[in-house]
Amino acid sequence: MVGEPRESAEEEEEILTPSYHGELCRHNGENPEYEIACDECDFYLFCFPDWKEYL
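On a predicted model such as this, the values are computed, not experimentally measured, just so you know.

Draft legend 1. Region of the structure containing a nonpolar patch on the surface. Taken together, the side chains of Tyr-44, Leu-45, Trp-51 and Leu-55 present a nonpolar region at the surface, about 460 Å² in accessible area. If you trace the backbone, Tyr-44 turns up in helix α2 (residues 44-47). Classification of Tyr-44 as partly exposed rests on a relative accessible area of 39%.

Draft legend 2. Just a negative patch on the surface, in detail. Taken together, the side chains of Glu-13, Glu-14, Glu-35, Asp-39 and Glu-40 present a region of like negative charge at the surface. Take Glu-13: it is sitting in the loop between α1 (9-12) and α2.

Draft legend 3. Representation of empty space enclosed by the protein within the structure. Tallying each qualifying case throughout the model produces 1 cavity of 30 Å³ or more. Taken as a whole, the largest cavity holds about 90 Å³ of empty space. By residue class, the composition of the lining of the largest cavity is 9 nonpolar, 4 polar and no charged.

Draft legend 4. How the structure looks around the side chain of Asn-28. Structurally, Asn-28 can be placed in the loop between α1 and α2. Separated by 2.8 Å, the side chain of Asn-28 and the backbone oxygen of Gly-22 make a polar contact. A polar contact is formed between the side chain of Asn-28 and the backbone oxygen of Cys-25, at a distance of 3.2 Å. If near-sequence neighbours (up to four positions away) are discounted, Asn-28 is found in contact with Gly-22, Glu-23, Ile-36 and Cys-38.

Draft legend 5. Layout of the environment of Arg-26. Tracing the chain through its elements places Arg-26 in the loop between α1 and α2. What makes Arg-26 partly exposed here is its relative accessible area of 30%. Counting along the chain gives 11 residues from Arg-26 to Ala-37, while the straight-line C-alpha distance between them is 9.3 Å. Residue contacts for Arg-26: discarding those within four places in its chain leaves Ile-15, Asn-31 and Tyr-34. Within the local environment of Arg-26, its side chain forms a polar contact with the side chain of Tyr-34, the two groups lying 3.2 Å apart.

Cut-offs applied
Residues numbered from 1 in each chain as written. Predicted model: local features only at pLDDT ≥ 70, side-chain atom pairs only at ≥ 80, totals over all residues. Heavy atoms only, no water. Patch = residues over 30% accessible without salt bridge, like charges linked within 9 Å, V, L, I, M, F, W, Y side chains within 5 Å. Areas by Shrake-Rupley, 256 points an atom, 1.4 Å probe, with all protein chains shown as cover. Salt bridge = Lys/Arg side-chain N within 4 Å of Asp/Glu carboxyl O. Helix = DSSP H or I, 4+ residues; strand = E, 2+ residues; numbered from the N terminus. Buried < 20%, exposed > 50% of the residue type's maximum accessible area, 1.4 Å probe, protein only. Lys, Arg positive; Asp, Glu negative; His and termini not counted. Charge placed at Lys NZ, Arg CZ, Asp CG, Glu CD. 1 Å grid on protein atoms, 1.4 Å probe; cavity = no way out; pocket = protein on both sides within 12 Å on 5 of 7 lines; lining within 4 Å. Points joined across faces, edges and corners; volume = space filled by probe spheres on them. Nonpolar A, V, L, I, M, F, W, Y, C, P; charged D, E, K, R; others polar. Polar contact = N/O pair within 3.5 Å; in protein donor to acceptor, adjacent residues only side chain to side chain. Contact = heavy atoms within 4.5 Å.

Have a look at this one:
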C-alpha cells in the first residue's frame, strides 16, 4: 500500500543460524514473524545431528 514503510534488505534476507535443534535460529518455526526454513536449510544436519541414531 501507499505510505507503508518497506522492509529493509536486511529484514527481507533470511539469516539462518545453525544451532542444536534450531534453538538460536529465528526461522525455526517458533517465531511467528518468520517462516520456518528448516526443510530448505543447508545447515539442517548440523541442527539435527541425532539423525545418525536412526541409521
